[in-house]
Amino acid sequence: MSATVSRSSPPSKTLLVKIPEYSKLLRLPGPMQTLDVIFFRGLQWDVMVRAMPPEDGDLADYLVVGVWSHNLESAIGIDISLEILDETGEHTVFQSESSRGSWEEGRGCLMLRAGWRELEAASCVCRDDDTRTVRCTLKQQPKQRHRLLGSWPWSKSKKQLPVSDAMAASHTLTIGSLFELKAMLLSQECAYSRRFAVGGSRWYLTLYPTPAVVHLVRATKEDDETRTTAEFSFALEGAVNVKSQKMRHTFDRHNPYCLFAYLPPEEPSSKSTDRLVVRCCVEVSPAIVLTPVRWHAVTIPATVILNPVPPPSESVLTPLLSATHG
């Protein structure tokens, strides 16, 4: 557990906290438990966790992490971010952020919910001590500047990108066993990649074994009015060999993702053919003109070799699922 206070403006504070005895928590779901307390701008905030009781079976269906304020009126003007990190405790996999209107609407808390099967698939549990790491960040909102009537929020605004953000990048999601993943997840559940930054936005990939689709998702908040147009393509290698043509889509909070469908493979003859590597290349450019999204799948002949997948970094987690930058 550690807490840091930023000296830059606006002020912020971050708390890292571990959820202990995670397996026991799943087997014995119950009421909210306080994990830790964070003090920011003279207010007390409780970081809490709960395993939601299952409809059937022995394990909880969902893990819920929340942050509660003890003074709703004084909490106005503070942004909150909740993240569930991967096994290394460094990379974000699941995240929820408060919107500017959260406190004005009387919601005195921010909650993040994740299914236990998707948490397992994303390798968010530390096998050494049976814990999960949560990061909570509180930040003072900057003062709002009033716009002239009749101006659109995106009409002439220019977003200053962080120095570390590139306008083009690729991200690789490696699944050790596609059929083990399919057996673990229910229909409409998916495997998540780590978050990555391109063009001033945060992105992640999701892979659904049932139905067989992959998504490129731009992470947004409820009040995020920015629009980001990107060109991107997918390439799958291993249990499925398929690639897409370059696609184009404008992402906003109403349309935060774009999908690519692939034909589900037959049962593998050996484990060596069950591995799946998904690579997505993303390029963000403000000069791209809005056009309809078009996509289709093309099977790659056996003699064609895709660009080599970069070697896994030290943060590779389990044989089932890992995510690396490429």
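Caption draft 1: Seen up close, the nonpolar core. Counting residues in hydrophobic clusters, the biggest one holds 41 residues, and the most contacted among them are W45, L82, I84, F94, L119 and L138. Among the elements that line this core, the one with the most residues is strand β4 (residues 43-52), at 5 residues. Look past the residues within four positions of F94 in its chain and what remains in contact with it is L82, E83, I84, L112, A114, E118, L119, A122, C124, Y192 and R195. Ranked by size, the runner-up nonpolar core spans 32 residues in total, among them L173, V242, Y262 and L276.

Caption draft 2: Representation of the pattern of salt bridges. By the definition in use, this model includes 7 salt bridges. For D86, the salt bridge identified is with R194, shortest N-O distance 3.0 Å. Separated by 108 residues along the polypeptide, D86 in the loop between β6 (78-85) and β7 (92-97) and R194 in the loop between β11 (191-192) and β12 (196-198) bring together distant segments of the chain. R194 matches D86 in its accessibility class, with the two residues each being buried. For K246, the salt bridge is made with E231, and the minimal N-O distance between the two is 3.8 Å. You can see K246 sitting in the loop between β16 (242-244) and β17 (247-251) and its partner E231 sitting in strand β15 (residues 228-238), a full 15 residues away along the chain. Taking relative accessible area as the criterion, K246 reaches 55% and is therefore assigned exposed.

Caption draft 3: Broad picture of empty space enclosed by the protein. Following the criterion strictly, the structure yields 2 cavities of 30 Å³ or more and no others. Approximately 70 Å³ is the volume attributed to the largest cavity. Taken together, L178, F179, K182, P209, A212, Y262, P264 and P265 form the lining of the largest cavity. Considering only residue class, the lining of the largest cavity consists of 7 nonpolar, no polar and 1 charged.

Caption draft 4: Main features of the pairing of strand β5 (residues 62-69). Along β5, 6 of the 8 residues are buried, which leaves the element largely enclosed by surrounding structure. Bridge analysis of β4 against β5 gives 8 bridges, and the strand direction is antiparallel. When the sheet's bridge partners are listed, D46 is paired in β5 with W68.

Caption draft 5: Structural detail: the packing of aromatic side chains. Tallied over the entire structure, the rule returns 6 aromatic pairs. Taking the centre distance of 6.1 Å and the plane angle of 80 degrees together, the rings of F232 and F234 count as edge-to-face. Pair check on accessibility: F232 and F234 agree, each one buried. An aromatic cluster of at least three residues, connected via ring pairs, comprises W203, F232, F234, F251 and F260. Here the guanidinium or amino end of R113 rests over the ring plane of Y62, the centre of that ring lying 3.9 Å away. Sitting over the ring of Y22, R132 keeps its end group 3.7 Å from the ring centre.

Cut-offs and rules
- Counting starts from 1 at the beginning of each chain's written sequence and moves along it residue by residue.
- Totals for whole chains, interfaces and linings use every residue, but because this is a predicted model, local features are given only for residues with pLDDT of at least 70 and side-chain atom pairs only at 80 or more, for both listing and counting.
- For side-chain calculations, the full set of non-hydrogen atoms in the structure is used, while hydrogens and water are omitted.
- In plain words, nonpolar cores are sets of buried Ala, Val, Leu, Ile, Met, Phe, Trp, Tyr and Cys residues tied together by side-chain atoms within 4.5 Å.
- Buried means the residue's accessible area, taken with a 1.4 Å probe over protein chains only, is under 20% of the maximum for its type, while exposed means over 50%, and partly exposed covers the values in between.
- By definition, any uninterrupted DSSP run of H or I lasting at least four residues is a helix, any uninterrupted run of E lasting at least two residues is a strand, and each is numbered from the N terminus.
- Here a residue-residue contact requires only that any non-hydrogen atoms of the pair lie within 4.5 Å.
- The term salt bridge refers to a side-chain nitrogen of Lys or Arg lying within 4 Å of a carboxyl oxygen of Asp or Glu.
- For each structure, a 1 Å grid was placed over the protein atoms alone; sets of points admitting a 1.4 Å probe that cannot get out are labelled cavities, open sets with protein on both sides within 12 Å along at least five of seven lines are labelled pockets, and lining residues have an atom within 4 Å of a point.
- Grid points are joined across faces, edges and corners, and a volume is the space filled by probe spheres set on the points.
- Here the term charged refers only to Asp, Glu, Lys and Arg, the term nonpolar to Ala, Val, Leu, Ile, Met, Phe, Trp, Tyr, Cys and Pro, and the term polar to all other amino acids, Gly among them.
- Two strands pair if DSSP finds at least two bridges between them.
- Any two of the Phe, Tyr and Trp rings considered here, Trp counted by its six-membered ring, make a pair once their centres fall within 6.5 Å; the pair's planes then place it as stacked at under 30 degrees, edge-to-face at over 60, or tilted in between.
- A ring is scored as having a charge over it whenever the NZ atom of a lysine or the CZ atom of an arginine sits within 6 Å of its centre and within 35 degrees of its normal.

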